[in-house]
Amino acid sequence: MTNITNNEERFMGLTHGQVFVYTLMTVISILFLFITNAYLFRMNFEDWNPVPIPSMLWVNTGSLVLASVGMAWAKSGAKRSSVQTIKVGLIIGGLFAVTFVTGQTLAWQELTSSGYFLTINPANTFFYLITALHAMHVIGGVAAWFYVTLKTFKRDQLILQPESIGLLGSYWHYMLLVWVLLFMLLLTT
Amino acid sequence: MEQGANYEGQPIHEPTGWWSRYVFSQDHKIIALQYISVALAIGLTGMFLSLMMRMQLGFPGLFESIDAGSYYQDVTMHGMIMVIYLLTALFLGGFGNYLIPLMLGSRDMAFPFVNMLSFWVYFLSVIILVSSFFVESGPTGAGWTLYPPQSILEGTPGGDGAGIILMLASLAVFIIAFTMGGLNYITTVLQSRAKGMTLMRMPLIIWCIFLATFLGLLAFPALLVGAIMLIFDRVLETSFFMPEIFKGGEVLDYGGGSPVLFQHLFWFFGHPEVYIIALPAFGIISELISCHARKNIFGYNMMVWALIAIAGIAFIVWAHHMYVAGMNPYLGFFFATTTLIIAIPTAIKVYNWVITLWDANIKMTVPMLYCLAFLITFLIGGLTGLFLGNVAVDVPLSDTYFVVGHFHMVMAVSPVLALYGGLYHWYPSVTGRMLDDTLGQIHFWITFVGTYLIYFPMHYIGFLGVPRRYYSNDQYDFIPQSVNDLNQFITICALIVGAAQFILLYNFVVSLYKGKEAGPNPWGACTLEWQALESPPGHGNWGEKLPVVYRWPYDYGLPGATADFVPQNVPDEQIT
């Protein structure tokens, strides 16, 4: 390894990670925009039979809110360089995100046990597809959370990773926003 | 070379062994070569498939192995390979990876590990695609647009087997690879420019790759959504796109879906895809034309804004591919209007290239020949696009060979001409040696004249109303014998042009060992990739210190300067 020097033009004072994550969020938004468009297009057809919203989704929404709160806590800890706050915030944020995904699978079970199988109606298919796509993006976030948390707990005194924790927090808030919009779509149609 | 001061230290990880240097390399230059190699290899496969199609059209029945099913498989795989796995991958993965860090004066991509992953995931998508040739029912033969319902039903080659699933899976994997690469290109362009390299000092090709990447990142999700939903319809028998279908008097399990929904999703991706390919080609031409005509590019700012306009409008023209899908005529009018409007920024670019050439010191190098050929070909392809953009003209010409002639001129031959120009231009930067000029000239003239002999007649065949996608013209009285004769002629030309591509490959290999030493800047270019300390540039590109940029990338024939070019990293006081 050699030390080299670096001096670069940057865009609007953003960091590399911020540009990467914000662009990724834009791409994910487009993905959900298309699936929402397809949903709104398809629901106008005669065979559309809306799915009753499983009560579990309300609990899951609460979990995701708590996950977001936890991550906001970790972010504030990173700003103040408070190792304890970061650790507690990360644990809350991560655990409630996992709870959310687990809760979503329980919601699917609730639906299937009432006979709302995936292939019976396009509304069912969309319900499973949309919730699964969102859950997959949360799982992707959990993978990143796992990596950052592991590093934080290993070398907490040396590296607090304020940027990584900040970006993780932004992604958590973003996932909550996407979920709230999707949940509203499912509730109102 | 002038260097910057007050730098902050940053580590650079040298590869430690053969595997990390050449296989799982995180160096953008090696990743670029990996992309180029794989894309060219799969592109050769795509070319071979097109020759199979031409053999059937020119000499029907000559090869017994080509039946209707395999013909449609060849058509489908040829289209998909050329558009996605060759051109998109080569322009953005190949040229993008090689040029972005070097032209911007940075050490590497912003996230080298993600960049490496991007290539390997792309490679995986190619493997999945190629594996469909080896499954029982073969690859899908649904046409590159993969329209349901026929794409996932029995009767269409690969429709009831694994062919269509492998195609859709391969596309999904490709999109993941593209997203990883694309996020890197965006971050690097915005964040890793050398000091002084403002956005409006970036070479036009970087603008083009940057905007094409944005187009890809915003358009590919539409294809991903379509592909996932189509896999659901195929595997789980859901009905996103599948209407009620009777087969042999029997009702299938599908019902209520909309095939037109898939068309919208596909073309929302499909039309920007044209510009994902075209914009990097525009960029290559801008660089080459200025350098080989020894004159600064005309209207740089206007070129940038025209590119941004093209990228924006590219998202609101998609339904001109669907005029015959039964859309509301008012909607057709809207899309015809936007289609014609996109011709304005495109024309600005063409005029600017032509004005750049005006009164210039044009060097008839091989890259310049490709530039001139591109200008003519793109103009012709663009003009026939004006025909097809109008609903009233499109409806009778839809699904005829006129369309095949049009899109091959505008988005196959034109980008490939730019691509070849780019390969001849940057080969010395990659290898340190020049490509053989005579072989380059022979390759150029056969390719240029040959492609015209192939695609020009198709416009006339189209005017006669000969439908595209037909396996055989035998049983149609309205198709005269002259069409069959012309088809024979086209096939012979295609075989010659196909064979001529091996001249390029031969030139590549031989010049690597026997080519003339290129030296650091053989074309006398102003851009940074030619100003590295080492030629070819080593790991980290710039040695100890990054370059500093003092000027725009097209300072050719600067008044008061002795040399006819001033590189971007030379300050005013050092100009002699």
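Residues numbered from 1 in each chain as written. Chains lettered and ligands numbered in written order. Predicted model: local features only at pLDDT ≥ 70, side-chain atom pairs only at ≥ 80, totals over all residues. Heavy atoms only, no water.

(A) Examining the environment of B:S65 more closely. Residues and elements named next belong to chain B. Its place among the elements puts S65 in the loop between α2 (28-58) and α3 (68-104). Given a relative accessible area of 62%, S65 falls into the exposed group. With 157 residues separating them along the chain, S65 and A222 place their C-alpha atoms 36 Å apart. (Helix = DSSP H or I, 4+ residues; strand = E, 2+ residues; numbered from the N terminus. Buried < 20%, exposed > 50% of the residue type's maximum accessible area, 1.4 Å probe, protein only.)

(B) Local environment of the environment of A:A135. All names here are of chain A. With respect to the helices and strands, A135 occurs in helix α4 (residues 122-154). A residue is classified by how much of its surface remains accessible, and A135, at 5% relative accessible area, is buried. Counting along the chain gives 35 residues from A135 to F100, while the straight-line C-alpha distance between them is 8.3 Å.

(C) The arrangement of helix α10 (residues 343-357) of chain B in detail. All names here are of chain B. Between its first and last C-alpha, α10 extends 21 Å over 15 residues, near the 21 Å set by a 1.5 Å rise per residue. For α10, the full list of buried residues reads P345, T346, K349, V350, N352, W353, T356 and L357. Buried residues of α10, seen end-on, are gathered within an arc of 155° and therefore sit on one face of the element. Among the exposed residues of α10, those oriented more than 90 degrees off its buried face are I344 and Y351. Contacts from the buried residues of α10 go to α7 (259-292), α8 (300-313), α9 (329-341) and α11 (366-389). D359 sits one or two positions beyond α10 and adopts a positive phi of about 60°. (Expected span 1.5 Å × (residues − 1). Arc of directions from axis to C-beta. Contact = heavy atoms within 4.5 Å.)

(D) Region of interest: the interface of chain B and chain A. In this complex, chain B contributes 51 residues to the contact, which on the side of chain A involves 36 residues. Along the contact surface separating chain B from chain A lie zero salt bridges. For the pair chain B and chain A, the interface holds six residue pairs in polar contact (both at pLDDT 80 or more). Secondary structure elements with two or more residues in the side of chain B that touches chain A: β1 (8-12), α5 (163-191), β2 (193-194), α6 (204-235) and α7 of chain B. In terms of residue count, α6(B) provides more of the side of chain B that touches chain A than any other element does, nine residues in total. A class-by-class count of the residues in the side of chain B that touches chain A yields 28 nonpolar, 16 polar and seven charged. (Salt bridge = Lys/Arg side-chain N within 4 Å of Asp/Glu carboxyl O. Polar contact = N/O pair within 3.5 Å; in protein donor to acceptor, adjacent residues only side chain to side chain. Nonpolar A, V, L, I, M, F, W, Y, C, P; charged D, E, K, R; others polar.)

(E) Representation of the packing of aromatic side chains. Inspection of the entire model under this criterion finds 68 aromatic pairs over all chains. Arranged with centres 5.8 Å apart and planes meeting at 80°, the rings of B:F266 and B:F269 form a pair that is edge-to-face. Highlighted residues: B:F266 and B:F269, both in helix α7, separated by three residues, approximately one helical turn. Across the pair, exposure class does not vary: B:F266 and B:F269 are buried alike. Taking 4.9 Å as the distance between ring centres and 75° as the angle between the ring planes, the aromatic pair formed by B:F444 and B:W445 counts as edge-to-face. A cation over an aromatic ring shows up here: A:R42 above the ring of A:F45, its NZ or CZ 5.3 Å from the ring centre. Geometry around A:F153 places A:K87 over its ring, the cationic atom sitting 5.0 Å from the centre. (Phe/Tyr/Trp six-rings, centres within 6.5 Å; stacked < 30°, edge-to-face > 60°. Lys NZ or Arg CZ within 6 Å of the ring centre and 35° of its normal.)

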